[in-house]
Amino acid sequence: MAEIVNISPTPCWARLARLKAAGLIRGYHADIALDRVCAFTQVIVTISLTHHRKTDFDRFESFVSNKDEIIECIATGGGMDYVVKVICPSLDVFQALMETLLAAELGIDRYMTYIVTRSVKTARPNLAKLAAKGAT
């Protein structure tokens, strides 16, 4: 990284430490080829809650935050309240997770499941393009 920004490693690490301390870098991750490690099922679930009170959203979000199978949960505006990405060893495990969510009385009105057959694109945002002033 130091080479890319044309500075020596020590100042580069100092800049990274400052960015992390300022909350601009939340962490680091490895992009693991999960399909080469184990068999799994990936499911996208859209969820709509019956009521739209803050306590309903808080209860749902707290519950899903503690489920390891749920790797991503996005609150949305529009027809559905949440889009959830789930990774499980099998469809049976996914079904058990959904039954747990429904039994927890989280106020789920309806949900739709979409089995992922293959990943077409997974990427991080192009930060330079995103941050550019007046970019189209």
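Residues numbered from 1 in each chain as written. Predicted model: local features only at pLDDT ≥ 70, side-chain atom pairs only at ≥ 80, totals over all residues. Heavy atoms only, no water.

A. Inspection of the pairing of strand β1 (residues 41-49) at higher detail. The buried fraction of β1 amounts to eight of the nine residues, a majority that puts the element mostly inside the structure. Bridge analysis of β1 against strand β3 (residues 82-88) gives seven bridges, and the strand direction is antiparallel. Residue V45 lies in a different strand from β3, and its bridge partner there is V84. Pairing analysis gives seven bridges linking β1 to strand β4 (residues 108-115), with the strands arranged antiparallel. Following the sheet pairing, I44 is matched in β4 by Y114. (Buried < 20%, exposed > 50% of the residue type's maximum accessible area, 1.4 Å probe, protein only. Helix = DSSP H or I, 4+ residues; strand = E, 2+ residues; numbered from the N terminus. Pairing = 2+ DSSP bridges.)

B. The packing of aromatic side chains, seen in detail. One pass over the structure, following the stated rule, counts two aromatic pairs. Aromatic pair F57 and Y82: ring centres 6.2 Å apart, planes at 65°, arrangement edge-to-face. You can see F57 sitting in helix α3 (residues 54-65) and its partner Y82 sitting in strand β3, a full 25 residues away along the chain. Linked through ring pairs, F57, F60 and Y82 together constitute an aromatic cluster. (Phe/Tyr/Trp six-rings, centres within 6.5 Å; stacked < 30°, edge-to-face > 60°.)

C. Representation of the environment of K54. Structurally, K54 is set in helix α3. Judged by relative accessible area, K54 falls into the exposed class, the value being 60%. A polar contact is formed between the side chain of K54 and the side chain of D58, at a distance of 2.7 Å. (Polar contact = N/O pair within 3.5 Å; in protein donor to acceptor, adjacent residues only side chain to side chain.)

D. Molecular detail of the side chain of D81. Inspection of the secondary structure assignment puts D81 in the loop between β2 (70-75) and β3. When neighbours within four sequence positions are excluded, D81 is seen to be in contact with I47, S48, L49, H52, F57, I74, A75 and T76. (Contact = heavy atoms within 4.5 Å.)

E. Spatial organisation of the pattern of salt bridges. One pass over the structure, following the stated rule, counts five salt bridges. When the shortest N-O distance is used, the salt bridge between R53 and D56 registers 2.9 Å. Residue D56 is classed as buried on the basis of its relative accessible area, which comes to 4%. A salt bridge links R110 to D109; the nearest nitrogen and oxygen atoms lie 3.3 Å apart. Given the relative accessible area of 41%, R110 is considered partly exposed. A cluster of three or more residues bridged by salt bridges with shared partners is formed by R53, D56 and R59. (Salt bridge = Lys/Arg side-chain N within 4 Å of Asp/Glu carboxyl O.)

F. Geometry of the state of the cysteines. Under the definition given, this model contains zero disulfides. With no disulfide partner, C73 has as its closest neighbouring cysteine sulfur the one in C88, 14 Å distant. Its relative accessible area of 31% is what places C73 among the partly exposed residues. C88 carries a free sulfur, and the closest cysteine sulfur to it, the one in C38, is 11 Å from it. (Disulfide = S-S within 2.5 Å.)

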